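Take a look at the letters that make up each chain.
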Amino acid sequence: MAMFAAVAMLLGVMLTVVTGHVTGAARDWSDANFGLSSRASILVVQSGVDAELSSTVNSEALSLLTQVDATVIFEADDDGLGMGLYDSAGRYSAITGGGRDWRGDSSGSDVLALVREGSYLVGRESSYLPDSVRVLGSYDPTVVPLSSEYVYTLFRQETTSGTYFIDSADAQLAARLAAVFARNGYMTELAPLEVSVWSVIRSEPLSYAYLSALLLVTGSLILLCGNWAAQNRKRFAIHRMFGAHSGTYTTYLLPPAALAALSGSAVGIIAGAAALASLDSLSELPGPFALLIVGLGNGIALTGIFLATVSIHARRQVA
Amino acid sequence: MIGYQLDATAREFAALRGRVLLLILQVLVTALSLVFTLNDTVRSVNDLTLAASLADENVTYFDVSYGDDADFTLTPELDDLLTATLDGTTRDYAIIKSNYMPDTPLASPVLVALGGFADAYGLDATDAPALLLGAKVTGYDVGATVELDAVPYQVAARLPAGSAYLDPWMGYESLDDTILLIDTYSRFAQHTTPGIWQQELLGRTVLFDPTAAAVTGYVDATNTAGGMQVIPQSLDQRVDSVYRQKTSKNTMFLLFFGCLLLVLLATITWVLGSLVTSNLRRYAIERVYGARLGHLAARLSLFLVVSFTAPATVIFGFFAFIAPHAAGFLPVALAVILAVHLLLAARGMWLLSRMNVTTLLRTE
């Protein structure tokens with residue numbers, strides 16, 4: 001049982017690392033997509049030969065957006081500094097303060113902007129930002145996953161071509177917005193953002209290494225349990241002679257196996273969490289609830305594997 | 001006799017085929033993952049070390065955004081600024097990695113470094129222009145003449161092995177396989193056909209401890225040249241956001257595969273123990289017919305070679321060449337593999353030495 005507890009501990013450490021990896025990958029993925037929800041869509045808009053002026057398109061887009069709550073982020077093709085933001089859903093109210101201007105219903109026509117704290121633009125806005133942009137202040141990039149040099153109120157800008165990230169409870173909004181651009185002579189391409197656990201796993205090559213290693217460890221565990229059963233075959237035979245059956249082994253071995261698996265797993269989870277915390281990646285440390293679930297799951301799964309393997313081997317040995 | 005041992009080992013493999021295959025698979029995956037992680041970790045550590053060597057000053061570099069429809073033109077103001085920045089005595093430098101002499105048939109890539117590159121990385125190149133060869137560059141030697149864009153340069157020296165520089169966009173870059181041309185901007189521009197290298201140069205400039213006015217001036221001048229937009233970035237921020245995070249991820253991975261390695265060793269130990277104990281009676285009979293412990297040790301070693309030592313050595317050896325940063329670990333890895341092999345073989349021999357022929361041959 002000491003060997004079993006040791007393997008449970010090692011698996012506990014490994015699963016903590018994997019949970020940390022998935023947590024980090026999910027956070028990176030979410031940050032890369034500006035923290036939008038899984039229902040968000042990406043709309044790529046390219047200017048066509050008969051494209052209407054941006055003011056016409058902006059006006060139509062705003063008319064459409066006033067009917068629903070939505071968050072729209074825009075990255076213009078020819079602007080590496082700024083990022084357009086329309087936020088009637090209040091997703092970024094931590095920086096916009098839920099202001100009317102970010103919902104596109106201000107009476108003014110200026111493009112309003114917040115410059116990122118620490119940006120080289122701070123104090124030099126007039127040199128780098130277009131004249132039509134009026135800077136309201138700065139925003140803290142640690143409270144929202146927006147890393148551009150500045151964000152500005154969307155649908156007042158002069159550029160229309162670029163990539164729009166649309167997040168709304170209305171599933172048809174992105175398609176309707178795409179239709180607005182298409183009607184005004186722009187070429188559009190709409191695709192879902194696809195934020196799911198599977199896409200997170202697929203986005204990280206390390207995930208495959210972790211997964212294959214865990215499968216191999218499971219194989220090793222079955223092997224080790226089988227070896228333990230083979231070593232105890234004479235004991236099982238004697239038990240059988242005195243009337244034991246498969247169920248007896250389960251009842252007999254469940255308490256020590258569960259104790260070894262759960263205690264080993266707990267030690268492994270604590271050791272793994274301590275190791276992760278000591279790294280320079282505290283944010284990738286999974287939460288206590290996730291660790292508890294992983295620890296319990298690991299302990300229960302290992303106990304199940306142990307009992308099943310031993311039971312099968314014991315029956316074979318007797319036969 | 002060795003033929004018999006090989007034959008017997010093959011039979012033992014056949015009897016334990018499932019376990020041995022799992023073992024080999026585990027060895028391959030563990031070794032492969034460790035090689036690549038070690039490679040990545042060493043690279044990250046090199047990034048951090050090199051960045052730390054520059055960190056006594058505030059290092060500024062530039063993100064580049066292309067997409068402006070306007071054509072790029074090197075304005076006289078920008079030309080003056082580059083001359084002032086890259087001909088001076090500071091450590092400010094700019095590099096050209098591509099888009100330069102695409103038709104020049106050279107066996108090794110050429111890196112053009114303009115400005116204080118040699119000062120920044122402690123290279124021995126006092127006079128510009130200086131053509132230096134990386135430690136592993138073959139085909140040329142010191143004193144040879146190399147023609148770059150129809151301009152002949154004499155090779156001044158060979159760089160020490162392990163010379164490297166920090167490309168803020170790519171991280172640690174080795175100079176071992178590179179032909180390095182160190183020059184001043186004005187001299188290089190005078191002898192080189194204007195081309196897209198001018199635009200590349202602007203995006204690959206590194207400034208040491210610049211004043212805010214110098215950064216603004218550089219951004220202004222570059223952005224007015226058209227075709228591109230540069231955004232100043234701090235190397236310190238990049239070190240925090242990218243290099244340290246990467247090192248953390250790799251350390252997590254190493255921790256994970258360290259645990260896998262321990263499980264692997266436990267599995268090998270148990271499989272070997274299972275092999276020995278299940279064959280004790282056979283070994284006892286062979287001992288009766290004259291086999292010595294040495295013969296049995298050879299068989300155990302053959303078993304270990306096929307299931308552990310050979311796959312691990314092949315993977316480490318082969319991938320050490322593909323993943324150059326991990327190559328330094330090859331001797332250590334080989335020593336560890338050999339030590340594990342010897343320890344496991346010793347354990348097997350210990351189990352064998354405890355067998356009692358009389359007891360084993362007695363019918364149960």
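Computed from a predicted model, the values in this text were never measured in an experiment.

### Some points on the overall build of chain A
- A count of helices and strands for chain A gives 10 helices and 8 strands.
- Its C-alpha atoms give chain A a radius of gyration of 29 Å, more than 25% over the compact-globule value 20 Å for 319 residues.
- With the principal axes as the frame, chain A shows a C-alpha extent of 90 × 40 × 30 Å.
- Burial status across chain A gives 47% buried among its 319 residues.

### Comments concerning the nonpolar core
- Ranked by size, the top nonpolar core spans 81 residues in total, and within it Phe4 and Phe306 of chain A together with Phe256, Phe257, Phe303, Phe316 and Leu352 of chain B carry the most contacts.
- Beyond its immediate sequence surroundings of up to four residues, Phe306 of chain A is in contact with Met1, Phe4, Cys225, Trp228, Leu253 and Ala257 of chain A.
- Counting 68 residues, the second largest nonpolar core, distinct from the first, contains Tyr128 and Leu129 of chain A together with Leu148 and Val215 of chain B.

### Quick word on the pattern of salt bridges
Residue and element names in this part refer to chain B.
- Overall, the coordinates contain 11 salt bridges over all chains when judged by the stated rule.
- Residue Glu173 is joined to Lys97 by a salt bridge in which the shortest nitrogen-to-oxygen separation is 3.5 Å. In this pair, Glu173 is assigned in strand E8 (residues 171-174) and Lys97 in the loop between strand E2 (93-96) and strand E3 (110-115), connecting sequence segments 76 residues apart.
- For Glu173, a relative accessible area of 18% translates into the label buried.
- In this structure, the salt-bridge partner of Glu200 is Arg204, at a minimum N-O distance of 2.9 Å.

### Quick notes on the state of the cysteines
- Following the criterion strictly, the structure yields 0 disulfides over all chains and no others.
- No disulfide involves Cys225 of chain A; its nearest neighbouring cysteine sulfur is the one of Cys259 of chain B, lying 18 Å away.

### Topic: the side chain of Gln233 of chain B
- As for its position among the elements, Gln233 of chain B is in strand E11 (residues 228-234).
- Taking the relative accessible area as the measure of exposure, Gln233 of chain B reaches 17% and is therefore buried.
- A polar contact is formed between the side chain of Gln233 of chain B and the side chain of Asp63 of chain B, at a distance of 3.2 Å.
- Setting aside residues no more than four positions away along its own chain, Gln233 of chain B makes contact with Glu149 of chain A together with Val59, Thr60, Tyr61 and Asp63 of chain B.

### Details of the interface of chain A and chain B
- Taken together, the contacts link 42 residues of chain A with 39 residues of chain B.
- Buried area between chain A and chain B, summed over both chains or domains, comes out near 3500 Å², and the portion from carbon and sulfur atoms is 71%.
- For the interface between chain A and chain B, the tally reads 0 salt bridges.
- For the side of chain A that touches chain B, the class distribution of residues is 22 nonpolar, 9 polar and 11 charged.

### Considerations on the pairing of strand E6 (residues 151-158) of chain B
Residues and elements named next belong to chain B.
- Inspection of the sheet shows strand E4 (residues 130-133) paired to E6 by 3 bridges, in the parallel sense. Across the sheet, Leu131 pairs through a bridge with Val155, a residue of E6.
- As paired strands, strand E5 (residues 145-148) and E6 are joined by 4 bridges and run antiparallel to one another. What sits directly across from Thr145, in E6, is Gln154.
- Between E5 and E6, which pair antiparallel in sequence order, lie 2 residues; one of them, Asp149, sits at a positive phi of approximately 50°.

### Some points on the environment of Ser307 of chain B
Residues and elements named next belong to chain B.
- Counting through the fold element by element, Ser307 comes out in helix H10 (residues 293-322).
- Ser307 sits 282 residues away from Leu25 along the chain, and the two C-alpha atoms are 9.1 Å apart.
- Discounting chain neighbours no more than four positions away, the residues touching Ser307 are Phe13, Val20, Leu23, Ile24 and Val27.

### Remarks on the sheet that holds strand E6 (residues 150-153) of chain A
Residue and element names in this part refer to chain A.
- Strand order in the open sheet formed by 8 strands is E5-E4-E6-E3-E2-E7-E1-E8, and the pairing between neighbours is mixed. Looking at strand neighbours, the two that pair on one side only are strand E5 (133-139) and strand E8 (186-192), the edges of this open sheet. Across the sheet, the axes of successive neighbouring strands diverge by a mean angle of 25°, strand direction being ignored.
- Note that strand E3 (residues 82-87) and E6 share 4 bridges and pair parallel. Bridge pairing links Met83 to Val151 in E6.
- Contacts between helix H5 (residues 173-183) and the sheet are confined to strand E1 (41-47), strand E2 (70-76), strand E7 (162-168) and E8, with E8 contributing the most and set at about 165° to the helix.

### Things to note about the side chain of Thr309 of chain A
Residue and element names in this part refer to chain A.
- On the secondary structure map, Thr309 appears in helix H10 (residues 288-318).
- Taking relative accessible area as the criterion, Thr309 reaches 8% and is therefore assigned buried.
- Reaching out from Thr309, the side chain makes a polar contact with the backbone oxygen of Ile305 at a distance of 2.6 Å.

### A short note on the environment of Leu114 of chain B
Residues and elements named next belong to chain B.
- Structurally, Leu114 can be placed in strand E3.
- Along the primary structure Leu114 and Gly203 are separated by 89 residues, whereas in three dimensions their C-alpha atoms are 13 Å apart.
- Excluding its chain neighbours within four sequence positions, the residues that come into contact with Leu114 are Leu86, Asp92, Tyr93, Ala94, Ile96, Asp183, Thr184, Tyr185, Phe188 and Leu201.

### Brief notes about the packing of helix H7 (residues 205-231) of chain A against helix H2 (residues 17-54) of chain B
- For the pair H7 of chain A and H2 of chain B, interaxial distance at closest approach is 10 Å and the crossing angle is 145°. Like other packed secondary-structure pairs, H7 of chain A and H2 of chain B cross with a definite hand, here left-handed. For the pair H7 of chain A and H2 of chain B, contact is made by Ala209, Ser212, Leu216, Val217, Gly219, Ser220, Leu223 and Asn227 of chain A and by Arg19, Leu22, Leu25, Gln26, Val29 and Ser33 of chain B, respectively.
- The residue makeup of the contact of H7 of chain A with H2 of chain B, split by class, is 7 nonpolar, 6 polar and 1 charged.

### Some thoughts on the confidence of the model for chain B
- Summary statistics for chain B give a mean pLDDT of 79 and a share of 90% for residues scoring 70 or more.
- Among the prediction metrics, the complex's ipTM stands at 0.72, with pTM recorded as 0.71.

### Things to note about unusual backbone geometry
Residues and elements named next belong to chain A.
- Positive phi, normally seen in glycine, also occurs at Phe34, with a value near 60°.
- Tracing the sequence through the fold places Phe34 in the loop between helix H1 (2-32) and E1.
- Located in the positive-phi region is Phe155, a residue other than glycine, with phi close to 70°.

### Considering helix H11 (residues 330-353) of chain B
- Between its first and last C-alpha, H11 of chain B extends 34 Å over 24 residues, near the 34 Å set by a 1.5 Å rise per residue.
- Listed in full, the buried residues belonging to H11 of chain B are Leu330, Ala333, Ile337, Val340, His341, Leu344, Ala345, Gly348, Met349, Leu351 and Leu352 of chain B.

### As for the confidence of the model for chain A
- Mean pLDDT for chain A: 82, with 92% of residues reaching 70 or above.
- When mean pLDDT is compared element by element in chain A, E7 of chain A scores highest at 91, while helix H6 (residues 197-203) of chain A scores lowest at 69.

Criteria and thresholds
- Residues numbered from 1 in each chain as written.
- Chains lettered and ligands numbered in written order.
- Predicted model: local features only at pLDDT ≥ 70, side-chain atom pairs only at ≥ 80, totals over all residues.
- Heavy atoms only, no water.
- Helix = DSSP H or I, 4+ residues; strand = E, 2+ residues; numbered from the N terminus.
- Rg over C-alpha atoms; globule rule 2.2 N^0.38 Å.
- Buried < 20%, exposed > 50% of the residue type's maximum accessible area, 1.4 Å probe, protein only.
- Core = buried A, V, L, I, M, F, W, Y, C linked by side-chain atoms within 4.5 Å.
- Contact = heavy atoms within 4.5 Å.
- Salt bridge = Lys/Arg side-chain N within 4 Å of Asp/Glu carboxyl O.
- Disulfide = S-S within 2.5 Å.
- Polar contact = N/O pair within 3.5 Å; in protein donor to acceptor, adjacent residues only side chain to side chain.
- Buried area = accessible area lost by both parts, 1.4 Å probe.
- Nonpolar A, V, L, I, M, F, W, Y, C, P; charged D, E, K, R; others polar.
- Pairing = 2+ DSSP bridges.
- Axes fitted to C-alpha atoms, helices over the stretch in contact; angles between N-to-C directions.
- Left-handed = near helix turned anticlockwise from the far one by under 90°.
- pLDDT = per-residue confidence, 0-100.
- Expected span 1.5 Å × (residues − 1).

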